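Fold and contact review
Each chain, letter by letter, is given below.
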Amino acid sequence: MIDRKQAWAALARHITDEIVVATYSSATDWMAIADRPLNYFAFGAMGLASSHALGLALARPDKRVIVLDGDGSLLMNLGTLVTIGAVAPKNFTHIVGHNGSYEANGGHPIPNRQTDFAGIARSSGIAKAQRINQLADFVRAIPGLLKDEGPLFVDLVIEQGELGPRSYKDMYSRARREAFRQALQAG
Amino acid sequence: MQANTPQAPLQGAHIIAAVKQAGVKHILSVPDLHTSNGLLKPIAQDQELTLIRTCKEDETLGIAAGLSYGNKRALILVQWTGFLYAMNAIRAMACDQSMPMCMMIGLLGKEPDVPSRQSARFGVRVVEPILDVMGIAYHRISVDADAELIAPAIEQAYAQSKPIAFLIERRPVHA
């Protein structure tokens, strides 16, 4: 299994001008590692990160959009995979941290920890879907995840993290949203 | 556009033209029998519009939000049941973040000559009060002349970053 912080740190070393859409624990860890204007924190309704990202990918086909999702979040919007599979945005990379837990909601287990998210993604029309459970394999995959034709999907098997301090107020602040909008318009 | 009587058919073409006039390119929708023939089917064939079919209605709020950050306008086309289903996403995007969520809501089952607030259907009856509580402005679309309200309202929604709802009170027809 993979430490999410190590995975995001590895990803951050390759990130340049991509849009990163992150949610809940994935967002908390990402913000601590790579706090940048082109981060978009999916707000409010749990599970919609990939839907926000799909809108961004359609609006900006010139930019790679990377979703840092969670398994609990994805389960709240599983139909999104079918929608993404149908729309098939070429600039779309969806990485799901799979720790079998609603980590941000107290660490309770998801209904079925053995869920094959990559299998669901493939059968939803996202052909390039894979399961990765070793950090070294993820590190090797990162360059392709940033440039290969999408949609791409990764079921990233991670350890359950700690429910550390987090400030959603800051994460979802108007200032951050405005900074994102300006960064997007600038390039 | 020509005003007509409440008994005359509501032309879907007028509604679609108004949506296009407002610069909307993306239609995000879960099918609704009420708007199926008059709106969704012609939209699906319209080369100037991109129809994104979603599995559930709350997806449409996320997609519309993402599109708006890229300066792309979208119309959410759902039934009142979907509006109710997506309430938490509407709360988040339309209310808490005051994003320009433009929602066209089919009032399936609304009686033709009865105000929706007096409908015998509970779900139809509560749509307007819910919008009031949430502070979301809305227009009732019942006759062809009402379609003229659509483009300015969408323009205003994006200019002011505020949500707007259009309640399709009668079943639109496709000529």
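Above this text sits the structure in question.
For the structure given in this document, a descriptive report is provided here.

Thresholds applied
- Residues numbered from 1 in each chain as written.
- Chains lettered and ligands numbered in written order.
- Predicted model: local features only at pLDDT ≥ 70, side-chain atom pairs only at ≥ 80, totals over all residues.
- Pairing = 2+ DSSP bridges.
- Helix = DSSP H or I, 4+ residues; strand = E, 2+ residues; numbered from the N terminus.
- Axes fitted to C-alpha atoms, helices over the stretch in contact; angles between N-to-C directions.
- Contact = placed C-beta atoms within 7 Å.
- Right-handed = clockwise from strand over helix to strand, strands pointing away.
- Buried ≥ 20, exposed ≤ 12 C-beta atoms within 10 Å, placed from the backbone.
- Arc of directions from axis to C-beta.

1. A look at the sheet that holds strand β4 (residues 73-79) of chain B
Residues and elements named next belong to chain B. Taken together, the six strands give an open sheet; going across it, the order is β3-β2-β4-β5-β7-β6, and neighbouring strands pair in parallel fashion. Only two strands of the sheet have a single neighbouring strand rather than two, namely β3 (50-53) and β6 (137-141). Here the strands of the sheet are splayed against their neighbours by 20° on average, with no regard to which way each runs. Pairing of β4 with strand β5 (residues 102-106), which is carried by four bridges, proceeds in the parallel orientation. Counted as the bridge partner of V78 is I105 from β5. Where helix α3 (residues 57-69) meets the sheet, it contacts β2 (24-29), β3 and β4, and its direction lies at approximately 170° from that of β4.

2. Regarding the pairing of β3(B)
Here is the key point about a regular strand: its side chains alternate between the two faces of the sheet. All names here are of chain B. With four bridges connecting them, β2 and β3 associate as parallel partners. Within the sheet, the bridge partner assigned to L28 lies in β3 and is I52. For the crossover from β2 across helix α2 (residues 33-45) to β3, the handedness is right-handed.

3. Examining helix α8 (residues 150-160) of chain B
Residue and element names in this part refer to chain B. Among the residues making up α8, those that are buried are I150, I154 and A157. Along the axis of α8, the buried residues cluster in a sector spanning 60°; they form a single face. Seen from the buried face of α8, the exposed residues on the opposite side, beyond 90 degrees, are A159 and Q160. In this structure, the buried side of α8 is in contact with α1 (12-21), β2, β4, β5 and β7 (164-168). With its phi angle positive at about 50°, S161 sits one or two positions after the end of α8.

It is worth stressing that arrangement in space is one thing and function is another; only the former is reported here.
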